[in-house]
Amino acid sequence: MTLLKLLLLVLLTRRIDSVCRLQGRAETPELAQDGDLVIGGIFSFRTGQDHVVNTFQKIPHIRKCKNFNFREFKFAQTMIFAINEINRNPEMLSGVKLGYKIYDNCGTMDILRAALALVSGQKREISEHNCTESDTAQAIIGHSGSRPTIAFAQVVGRFHIPVISHFATCACLSNRKEYPTFFRTIPSDYYQSRALAKLVKHFGWTWIGAIAVENEYGLNGMAAFIQAAQEDGVCIEYSEAFSQSGPAQKLQRIVEIIKRSTSKVIMAFMSHREIKVLAAELYRQNITGLQWVGSDAWITDHSLSDSEGHSILMGSLGFTVSRAQIPGLDEHLRQIQPSQFPDSQFVKDFWEDVFDCSLNGSAKIQRKPCSGSESLQDVESQFTDVSELRFTNNVYKSVYAVAHALHNLFECEDGQGPFSNGSCADTKEIQPWQVLQYLNAVNFTTKEGERVYFDSNGDSPARYELVNLQRSNTGTMEGVTVGTYDASLAGGHQFNMNTISVVWGGGLTKVPVSVCSESCPPGTHKALQKGRPVCCYDCIPCPSGEISNFTDSINCMKCPPEYWPNKHSDVCLPKAIEFLAYDEIMGTLLALFALLGIFLTMITALVFYCHRETPLVRANNSELSFLLLFSLTLCFLCSLTFIGRPSDWSCMLRHTAFGITFVLCISCVLGKTIVVLMAFRATLPGSNVMKWFGPHQQRLSVLAFTLIQVLICILWLTISPPFPFKNFHHFKEKIILECALGSAVGFWAVLGYIGLLAMLCFVLAFLARKLPDNFNEAKFITFSMLIFCAVWITFVPAYISSPGKFTVAVEIFAIQASSYGLLFCIFFPNCFIILFRPEQNTKKHIMGKTSNSNIHY
């Protein structure tokens, strides 16, 4: 046991060299160039793999990729062009040569394999003797897809190596805790989703479908879009996801959902691979009339023009990064030859595909032979097309961002560095985390004047162009810029459309309509349909007295008290003010009847005055008769005060004048009744009973009765007088301008006193009804009081129940009717005798069968 311990101690204390050995074989890059510092790149020159399920019982092999992707190859060549341009620039990284290692891998697992190769380097062994020789990439450019970038960015981040993507837009990559070294020169889907939501809202599409690719890019992008769209009042009818390599039944189910849906706009958050599959299936089933809104992953992809059913996508709208120009890139692309990349199998395959030949006697005997010296100068293809550099420019900016970071690192002056105590990095042994530090602070302007920098999450400024897929002169689809979006501007100025006409999807000539419910016009409000999204509603007319003055109002608002809606319930108009006016038919008629009453009263007074010495006039007590006629004239006149716009003075005058004149009138009638009754009820001849109710007593009685009413009116006006009042309660649509009573007790006291005198007069007249037939004034007074009482008894319920100006009309009618009753019943029979039966106007005829001489002549 002691021997074993001693042996173990010797082994532990023995000095040995530390050696790190590469596990497995080294991954060889597709394109490479030596340099003092190496920038890595990962692009998928080919896409599409056979579906394989790995058991992981053995190391998985690299799967073969099938289809060419010239756009990715252009990205790689742009990276090479930028590095060569930087190496030729004496003002940037002077004395330092940049190299590159570019891997061509497709499929997430193989892309991760390439990223680890860039982290580990190509050396089989690393020991203390060669560990200072840099073989690790200082930064990695790529990948285009969000899903593979998510996979390797987390791993690479543990080694503090910066990853700069030109096309990975998933908003999840902005999470600095998960992806601490990730940067991108393309805006995050966070901004794209909001831009797309504003686009949908701009065209009034509030009822749409959403389909995404079933990976992090699609699901996160769609979730962000749905949240932003719902904040803008857009509803999602359905949201589905599928994958190109997924089961066919899932795609068929989505097609059936589209076929049954009522929305006409579809938001497609997916790559060019999925949109091709979906468009082809919709084309086969002849499902048309749809407006597509696309994400930047497919909206400008040139390969769409070669896909089946691409016509369905014509008119699609979507945001993509701004186009740019890269001087010299066109020449670089057209000067490529296989001899520049002798170790690249892809370049050979690319050359054979472009020129349809067999390079240097390859096995493809069915093609013509080619030498590799052919020129791309006259070749027009997606690879050589530099008319619309969008994501290619992002690759260019990514390389320059790394170069500027390295340049700032080399130019650092001691004491002004970003590290502890202002120290700088050791340029002989640069660590990736030091490059990362400088990359966070990079800020430069490109030759085109575009400013490049990264925020705290590694994101670039969000600037987009709105692209509309239109048919070009050559018959292919091309993206035409029809608007812009800049998230750095204020909310109302972020989204702008230009003057270029938009081609709409589904062959429509105008903006498609995609709503669950039509907009509610002014005058209605929205009522949500139970169990359905907020965009599905019924339009309910506004209740009485309320309006909505804009489209899609949620609630109706009440008009102010003095206003009322128009017939469309979209504007509050001033209410019509109603009162009994002279210029309306009813007011005119009542005024004419009042004037007629005055005229008849004056005619009667004139007749009585002209025949004042006749027995009939003297028997009717001429003094009280003239006073009664005067009071009747005042009664007719006071009825005119009830017509016209109420004011403070007219309100006080109309009720008090009415009360006093009517009491004066009834007092006179009462005096006449007492005179008649006392004259014909004296039982003894020569009785002197009339001396107790002579002319002086009659005047005093009329004055006393009238003064009581005057006192009541004074008290009423002093305590709570009538006043003009706007009545909003009788009618909702108009204002009744009336005279409020002030004190209801005062009003009813005035009426009650008039009624008391009238009833007293009626009783006395009734008692005198059996006077001699030839002198029947008591009967006339009885009839007049009967009419008077009947009018005012019916007045009370009519007054209470009549609405608006009809209340005033009822009161005027009662005044005029009772006045006419008194005038006709008391005076017209006498006038008839005076004018048409003068033979009866004698003392003998008046006395008739009686010889009572107590009548006062």
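Residues numbered from 1 in each chain as written. Predicted model: local features only at pLDDT ≥ 70, side-chain atom pairs only at ≥ 80, totals over all residues. Heavy atoms only, no water.

Asker: Teacher, can you tell me more about the overall build of the protein chain here?
Answerer: When helices and strands are counted, the protein chain shows 21 helices and 31 strands. Taken across its 857 residues, the protein chain has 52% of its residues classed as buried. Excluding contacts between residues fewer than 6 apart, the proportion of contacts in the protein chain whose partners are at least 24 apart in sequence is 68%. When the accessible surface of the protein chain is totalled, it reaches about 41000 Å², and 58% of it is carbon and sulfur. (Helix = DSSP H or I, 4+ residues; strand = E, 2+ residues; numbered from the N terminus. Buried < 20%, exposed > 50% of the residue type's maximum accessible area, 1.4 Å probe, protein only. Contact = heavy atoms within 4.5 Å. Areas by Shrake-Rupley, 256 points an atom, 1.4 Å probe, with all protein chains shown as cover.)

Asker: Please explain helix H13 (residues 585–610) as it appears in this structure.
Answerer: Note on helix geometry: an α-helix contains 3.6 residues per turn, so any two residues three or four positions apart are oriented the same way. For H13, with 26 residues, the first-to-last C-alpha span of 37 Å sits near the 38 Å given by 1.5 Å per residue. Regarding H13, the residues found buried are Gly 587, Leu 590, Ala 591, Ala 594, Gly 597, Ile 598, Thr 601, Thr 604, Val 607 and Phe 608. (Expected span 1.5 Å × (residues − 1).)

Asker: Mind showing me how you'd approach the packing of aromatic side chains here?
Answerer: Counted under the stated rule, the structure contains 34 aromatic pairs. Plain terms: the ring middles of Phe 608 and Phe 827 are 5.4 Å apart, the flat faces sit at 75 degrees to each other, and that makes the pair edge-to-face. Placement of the pair is Phe 608 in helix H13 and Phe 827 in helix H20 (residues 805–836), with a sequence separation of 219 residues. Three or more aromatic residues link up through ring pairs in this structure, and these residues are Phe 45, Phe 68, Phe 70, Phe 73, Phe 346, Phe 350 and Phe 383. The ring centre of Phe 183 lies 4.8 Å from the NZ or CZ of Arg 176, which sits over that ring. A cation sits over an aromatic face here: Lys 734 above Phe 731, 4.4 Å from the ring centre. (Phe/Tyr/Trp six-rings, centres within 6.5 Å; stacked < 30°, edge-to-face > 60°. Lys NZ or Arg CZ within 6 Å of the ring centre and 35° of its normal.)

Asker: Any chance you could explain unusual backbone geometry here in plain terms?
Answerer: Working note: non-glycine residues mostly have negative phi, and peptide bonds are mostly trans. Cis rather than trans, the peptide bond between Gly 142 and His 143 has omega equal to -5 degrees. With respect to the helices and strands, His 143 occurs in the loop between strand S8 (139–141) and helix H4 (146–157). Even without being a glycine, His 160 presents a positive backbone phi close to 60 degrees. Here His 160 is to be found in the loop between H4 and strand S9 (163–165). In this model, Ser 569 sits at a positive phi of 55 degrees, which is unusual for a non-glycine residue.

Asker: Help me understand the environment of Pro 838 in this model?
Answerer: Residue placement: Pro 838 occurs in the loop between H20 and helix H21 (843–847). With 224 residues separating them in the primary sequence, Pro 838 and Thr 614 have C-alpha atoms 9.7 Å apart.

Asker: What's the story with the packing of H13 against H20 in this structure? I'm lost.
Answerer: With their axes 10 Å apart at the nearest point, H13 and H20 run at an angle of 25 degrees to one another. Of the possible angle classes, the one that applies to H13 and H20 is roughly parallel. Relative to H20, the crossing made by H13 is left-handed. When the residues that make up the contact of H13 with H20 are grouped by side-chain class, the tally is 19 nonpolar, five polar and one charged. (Axes fitted to C-alpha atoms, helices over the stretch in contact; angles between N-to-C directions. Parallel < 35°, antiparallel > 145°, perpendicular 65-115°, else oblique. Left-handed = near helix turned anticlockwise from the far one by under 90°. Nonpolar A, V, L, I, M, F, W, Y, C, P; charged D, E, K, R; others polar.)

Asker: Hey, could you run me through the sheet that holds strand S31 (residues 734–740) in this one?
Answerer: Note on sheets: strands pair through backbone hydrogen bonds, and any given pair is parallel or antiparallel. Overall, mixed pairing links the three strands, which are arranged S29-S31-S30 in an open sheet. Looking at strand neighbours, the two that pair on one side only are strand S29 (576–578) and strand S30 (723–727), the edges of this open sheet. For this sheet, the mean inter-axis angle between neighbouring strands, taken without regard to orientation, is 30 degrees. Judged from the five bridges that link them, S30 and S31 form a sheet pairing that is antiparallel. Within S31, the residue paired with Phe 723 across the bridge is Ala 740. (Pairing = 2+ DSSP bridges.)

Asker: Can you walk me through a nonpolar patch on the surface in this structure?
Answerer: Where nonpolar side chains cluster on the molecular surface, the patch consists of Ile 585, Leu 589, Leu 592, Phe 593, Leu 595, Leu 596, Phe 599, Ile 603 and Leu 606 and spans about 880 Å² of accessible area. If you trace the backbone, Leu 595 turns up in helix H13. (Patch = residues over 30% accessible without salt bridge, like charges linked within 9 Å, V, L, I, M, F, W, Y side chains within 5 Å. Salt bridge = Lys/Arg side-chain N within 4 Å of Asp/Glu carboxyl O.)

Asker: Hey, could you run me through the state of the cysteines in this one?
Answerer: By definition, a disulfide is the covalent link that joins the sulfur atoms of two cysteine residues. In total, this model carries nine disulfides according to the counting rule given. Disulfide partner of Cys 170: Cys 172, at an S-S distance of 2.4 Å. In this structure, the disulfide formed by Cys 170 and Cys 172 twists by about 125 degrees around the S-S bond and is classed as right-handed. With a sulfur-sulfur separation of 2.0 Å, Cys 235 is cross-linked through a disulfide to Cys 535. Between Cys 235 and Cys 535 the disulfide shows an S-S torsion of about 90 degrees. By sign, it is right-handed. In this pair, Cys 235 is assigned in strand S12 (residues 235–242) and Cys 535 in the loop between strand S23 (524–528) and strand S24 (537–541), connecting sequence segments 300 residues apart. What makes Cys 535 buried here is its relative accessible area of 5%. (Disulfide = S-S within 2.5 Å.)

Asker: Just to check I follow, could you spell out the pairing of strand S11 (residues 207–213) for this structure?
Answerer: Note on strand geometry: in a regular strand, side chains alternate between the two faces of the sheet. With seven of its seven residues buried, S11 lies for the most part within the structure. By the alternation rule, side chains of S11 split into Trp 207, Gly 209, Ile 211 and Val 213 and Ile 208, Ala 210 and Ala 212, which are all buried. Taken together, the seven bridges between S11 and S12 define a ladder with parallel strand orientation. Bridged to Ala 210 within S12 is Ser 239. For the segment spanning S11, helix H6 (residues 216–231) and S12, crossover handedness is right-handed. (Right-handed = clockwise from strand over helix to strand, strands pointing away.)

Asker: Any chance you could explain the pattern of salt bridges here in plain terms?
Answerer: Close approach of charged atoms allows side chains of opposite charge to pair. What the rule picks out here adds up to 21 salt bridges. The partner of Glu 578 in a salt bridge is Lys 734, with the nearest N and O atoms 2.7 Å apart. With Glu 578 in strand S29 and Lys 734 in strand S31, the pair connects residues that are 156 residues apart, well separated along the chain. In terms of burial, Glu 578 and Lys 734 fall into one category: buried. When salt bridges that share partners are traced, they join Arg 323, Glu 388, Arg 390 and Glu 465 into one network.

Asker: Hey, could you run me through the sheet that holds strand S6 (residues 98–104) in this one?
Answerer: Taken in spatial order, the six strands of this open sheet run S2-S6-S3-S8-S9-S10, and their pairing is mixed. This sheet does not close on itself; its edge strands, each paired only once, are strand S2 (31–33) and strand S10 (182–184). For this sheet the average axis-to-axis angle between neighbouring strands, irrespective of direction, equals 20 degrees. Alignment of strand S3 (residues 37–43) against S8, held across three bridges, turns out to be parallel. Within S8, the position partnered with Gly 40 by the bridge is Ile 140.

Asker: I tried to follow the nonpolar core on my own but got confused; where do I start?
Answerer: Buried together is how nonpolar side chains tend to be arranged in soluble globular proteins. Leu 31, Phe 43, Met 79, Ile 102 and Ile 141 are the most contacted members of the largest nonpolar core, which has 69 residues in total. Per-element accounting of this core gives the leading share, eleven residues, to helix H11 (residues 391–410). Among all residues touching Ile 102, those that are not within four sequence positions of it are Pro 29, Glu 30, Leu 31, Gly 41, Phe 43, Phe 45, Ala 76, Met 79 and Ile 80. With 67 residues, the next largest nonpolar core counts Leu 632, Cys 635, Leu 670 and Ile 834 among its residues. (Core = buried A, V, L, I, M, F, W, Y, C linked by side-chain atoms within 4.5 Å.)

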